[in-house]
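In case you want the letters, here they are:
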Amino acid sequence: MCRCRTLVRGCGPCARESGQSPGQQMMTLNPGIKLVVTGDDFGYCPRRDRGIVECFNAGAITNVSLLVNGSNAACAADLARRYNIPIGLHANLSEGIPVCRELHQNSTLVNAQGVFLGKMGIRKALTQGLLRMSEVRQELSAQVKLFCELTGQKPQHTDGHQHIHVLPKIREEFAEVLKEHGIPYTRVPVEVGLHRCSWVKEQLLEFYRGVEEDALNSVEIFRSHGIRWPDVYIGLSTMGENMTIKNIQRALDYSFQSLHNCRTQQNSVHSPSSRSPKSIELMTHPGYPSVSSEGGCGEGPDDFSQSWERLHEMKVLKDPLLHSYYSERGIHLCAFRDL
């Protein structure tokens, strides 16, 4: 019997007890895994969007998450329609300009220049009790409304840009908005085996630990609002330069191990409607790198979007060796609508 105490810390002891590696156990026990591969930041700029569409057409990603305040959001929505790309909302409270015009000035969500406070700035403001939750709800609702106007449909899923949707207090408002609009799926960014990933820089790892803690504290809130999510999440240990076929394989093997050996644990983040076959989401950020003259969410593209790492992710995700691995392990790529 599995003696793992939490899903988050992985299931290394289980594999050792069985004498098999996680990958070997996947091959012998796996009845079929559904893998949702989400391309985040759709709508950020034409170059990012072109790369994301290429990935979808190559079968490398299966969903996109749209930044409705992105400079290319309307064109991205048109691309999704043209290529029949499953699309959800990438709720954004940390980068660029609010969608709700009433919040452009005299709002706790923006600085003196009228732009969001940034990835760390919003977290600091929350800690200091400076944010008005009524404004959070107002902006999230405005983003859902704009998404519907741009795409002609409600989001199939909604997650948070820079994981803002699991932050304290914001997560309650986020859950209420999803329930109100009948949005069924979200993301719970808790990655099995993250503590073993020695290649992740310590500064990033510290931020990721905070994200995971916030995500764990969001689980019961999401459950109580009838919101679902894939059983397992991958994406913190495989971002940018850290995305390699080996690292994706390792993350998937840990994930499968957790599904089979820790599913009875009380401290589980499994979705309330979990069924067999089980489901995993892989968060990705592919695309051709942005250029400084275009893109962003109202204040130009950031270093993350302009980095060569976006192109690196594209190449890894499209690599035939990765897709051979999926096939060998009985992993079936799908969209949120297929869960």
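Residues numbered from 1 in each chain as written. Predicted model: local features only at pLDDT ≥ 70, side-chain atom pairs only at ≥ 80, totals over all residues. Heavy atoms only, no water.

Student: Could you give an account of helix α6 (residues 133-151), naming the residues involved and the relevant values?
Tutor: Counted at 1.5 Å a residue, the expected span for α6 with its 19 residues is 27 Å, and the 27 Å between its end C-alpha atoms agrees. When we look at burial in α6, the residues that qualify are Met133, Glu135, Val136, Glu139, Leu140, Ser141, Ala142, Gln143, Val144, Phe147, Leu150 and Thr151. In this structure, the buried residues of α6 make contact with β2 (63-66), α4 (73-83), β3 (87-91), α5 (119-127) and α7 (170-181). Backbone geometry just after α6 places Gly152 at a positive phi near 75°. (Helix = DSSP H or I, 4+ residues; strand = E, 2+ residues; numbered from the N terminus. Expected span 1.5 Å × (residues − 1). Buried < 20%, exposed > 50% of the residue type's maximum accessible area, 1.4 Å probe, protein only. Contact = heavy atoms within 4.5 Å.)

Student: So what's going on with the nonpolar core? Which residues, and what values?
Tutor: Nonpolar side chains tend toward joint burial in soluble globular proteins. Core analysis: the largest hydrophobic core is formed by 77 residues, its most contacted members being Phe42, Phe222 and Leu252. Grouped together as the second largest cluster of nonpolar side chains are 11 residues, Val200, Leu205, Val211 and Leu236 included. (Core = buried A, V, L, I, M, F, W, Y, C linked by side-chain atoms within 4.5 Å.)

Student: Outline the confidence of the model for the chain, listing residues and values.
Tutor: On average, residues of the chain score 87 in pLDDT, and 86% of them are at 70 or above. With pLDDT under 50 throughout, residues 1-30 is counted as low confidence; its partners more than four residues away or in other chains account for 71 contacts. (pLDDT = per-residue confidence, 0-100.)

Student: Which residues make up the packing of helix α3 (residues 46-57) against α4, and what are the values?
Tutor: Packing of α3 against α4 brings their axes to within 11 Å, and their N-to-C directions diverge by 15°. Classified by the angle their axes make, α3 and α4 are roughly parallel. You can see that α3 and α4 cross each other, and the crossing is right-handed. Contacts from Asp49, Val53, Phe56 and Asn57 in α3 reach Ala76, Leu79 and Tyr83 in α4. (Axes fitted to C-alpha atoms, helices over the stretch in contact; angles between N-to-C directions. Parallel < 35°, antiparallel > 145°, perpendicular 65-115°, else oblique. Left-handed = near helix turned anticlockwise from the far one by under 90°.)

Student: Describe the side chain of Arg310, naming the residues involved and giving the relevant values.
Tutor: Tracing the backbone shows Arg310 in helix α12 (residues 309-318). Residue Arg310 is classed as buried on the basis of its relative accessible area of 1%. A polar side-chain atom of Arg310 sits 3.2 Å from a polar atom in the side chain of Glu313. (Polar contact = N/O pair within 3.5 Å; in protein donor to acceptor, adjacent residues only side chain to side chain.)

Student: Pulling in residues and values, what's your account of α5?
Tutor: Of all the residues in α5, the buried ones are Ile122, Arg123, Ala125 and Leu126. Down the axis of α5, the sector holding all buried residues measures 160°, keeping them to one side. Residues of α5 that are exposed and point over 90 degrees away from its buried face: Lys124 and Thr127. Close packing links the buried residues of α5 with α6, α7 and α8 (202-216). Following α5 by one or two positions, Gly129 has its phi on the positive side, about 70°. (Arc of directions from axis to C-beta.)

Student: Kindly report on the pattern of salt bridges, identifying the contributing residues and their values.
Tutor: Within this structure, the stated rule accounts for 14 salt bridges. As a salt-bridge pair, Arg81 and Asp78 come within 2.1 Å of each other at their nearest N and O atoms. Highlighted residues: Arg81 and Asp78, both in helix α4, separated by three residues, approximately one helical turn. For Arg81, a relative accessible area of 45% corresponds to the partly exposed category. Overall, the relative accessible area of 37% leaves Asp78 in the partly exposed class. Residues participating in the shared-partner salt-bridge network are Asp40, Asp159, Arg187 and Glu281. (Salt bridge = Lys/Arg side-chain N within 4 Å of Asp/Glu carboxyl O.)

Student: Break down the pairing of strand β6 (residues 278-284) for me, with residues and values.
Tutor: Here β6 lies mainly inside the structure; seven of its seven residues are buried. Going residue by residue along β6, you find Lys278, Ile280, Leu282 and Thr284 tucked away on one face and Ser279, Glu281 and Met283 tucked away on the opposite face as well. The pairing of strand β5 (residues 232-234) with β6 spans three bridges and is parallel. By the bridge assignment for β6, Tyr233 is matched with Glu281. (Pairing = 2+ DSSP bridges.)

Student: Now, about the packing of aromatic side chains: what can you tell me, with residues and values included?
Tutor: Summed over all chains, the structure comprises four aromatic pairs. Each ring, one from Phe174 and one from Phe222, has its centre 5.9 Å from the other, and the planes form 55°; the classification is tilted. Here the residue Phe174 occupies a position in helix α7, and Phe222 occupies one in helix α9 (residues 219-224), the gap between them amounting to 48 residues. Take Phe174 and Phe222: they sit in the same class, and that class is buried. Aromatic ring contacts, followed pair by pair, group Phe174, Phe222 and Trp229 into a single cluster. (Phe/Tyr/Trp six-rings, centres within 6.5 Å; stacked < 30°, edge-to-face > 60°.)

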